[in-house]
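# Examining the three-dimensional arrangement
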Amino acid sequence: MRRWILVAAGWLATGALATLIGVGAIRLVGDSISGTPGGVRSQEEIARALASEPPPSGPPASGSPSSAPASVPPATASPRATASATADAATRRSFATGGGTAVAECTREGVRLVSWAPAQGFRVHDVDRGPDDDVEVRFEGAAGRYELKVRCLGQEPVAVADDD
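Residues numbered from 1 in each chain as written. Predicted model: local features only at pLDDT ≥ 70, side-chain atom pairs only at ≥ 80, totals over all residues. Heavy atoms only, no water.

### Overview of a negative patch on the surface
Here is the rule: A residue counts toward a patch only above 30% relative accessible area and without a salt bridge, and it is joined to like-charged neighbours within 9 Å or, for Val, Leu, Ile, Met, Phe, Trp and Tyr, to nonpolar neighbours within 5 Å. Values of accessible area rely on a 1.4 Å probe in the Shrake-Rupley scheme; residue burial ignores everything except the protein chains shown. Salt bridges are defined as contacts in which a side-chain nitrogen from Lys or Arg sits within 4 Å of a carboxyl oxygen from Asp or Glu. In this tally, Lys and Arg are treated as positive and Asp and Glu as negative; His is ignored, and so are the chain termini. By convention, charge coordinates are those of NZ in Lys, CZ in Arg, CG in Asp, or CD in Glu. Elements are defined by DSSP. Helices are runs of H or I of four residues or more, strands are runs of E of two residues or more, and each kind is numbered from the N terminus.
Negative charge collects at one region of the surface, where Asp-126, Asp-128, Asp-132 and Asp-133 lie side by side. Relative to the assigned elements, Asp-132 resides in the loop between β6 (122-128) and β7 (134-141).

The structure is reproduced here in structure tokens:
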């Protein structure tokens, strides 16, 4: 019986010692393990930080094809593009098709594709980013093919219908 009491006391002492060593190690390392890195910020600090940072730019240009099915229906879908002006540049517009989105802008050299991104299930097949008289991006996927052509009308980018 005495032996079991010694074993239990030994286990309790070992557990208490391990806990103390663990707490000491966490205090030694500090906030990087147990707390929020950089501390907790107040709402005022967050508002100041957001006000001082520049707004993020549009989506990154994507020129590499994603993993999408290789077979594409031969029919070309209409480029039903919708355009909306962004707040940061009057000559920059965003266009959306069923196959993806693109952002274009008019410059002195002509129209230029700023960025493009395929929709889910589509990949970028071909891109002519300009600057030129007109630019285009083609999105292909199992659901079809969407081609977006853009020109400048004055200093405003506009989608144009495909002549084919």
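### Thoughts on the nonpolar core
In plain terms, the rule: We define the nonpolar core as a collection of buried residues of types Ala, Val, Leu, Ile, Met, Phe, Trp, Tyr and Cys that are connected through side-chain atoms lying within 4.5 Å of one another. Relative accessible area decides the class of each residue, using a 1.4 Å probe on protein chains only: under 20% of the type maximum gives buried, over 50% gives exposed, and in between gives partly exposed. Note on contacts: a residue pair qualifies if any of its non-hydrogen atoms lie within 4.5 Å across the two residues.
Counting residues in hydrophobic clusters, the biggest one holds 14 residues, and the most contacted among them are Leu-113, Trp-116, Val-137 and Val-150. Looking at this core, the elements with two or more residues in it are β4 (100-107), β5 (110-118), β6, β7 and β8 (144-153). Excluding residues within four positions of it along the chain, Val-150 makes contact with Phe-95, Ala-104, Val-111, Asp-133, Asp-134, Val-135, Pro-157, Val-158, Ala-159 and Val-160.

### Here's the deal with the state of the cysteines
Test applied: Only a pair of cysteine sulfur atoms within 2.5 Å qualifies as a disulfide here.
For the structure shown, the criterion picks out one disulfide. With its sulfur 2.0 Å from that of its partner, Cys-106 forms a disulfide with Cys-152. On the sign convention where negative means left-handed, the S-S torsion of about -120 degrees between Cys-106 and Cys-152 marks this disulfide as left-handed. Highlighted residues: Cys-106 in strand β4 and Cys-152 in strand β8, separated in sequence by 46 residues. Judged by relative accessible area, which is 27%, Cys-152 ranks as partly exposed.

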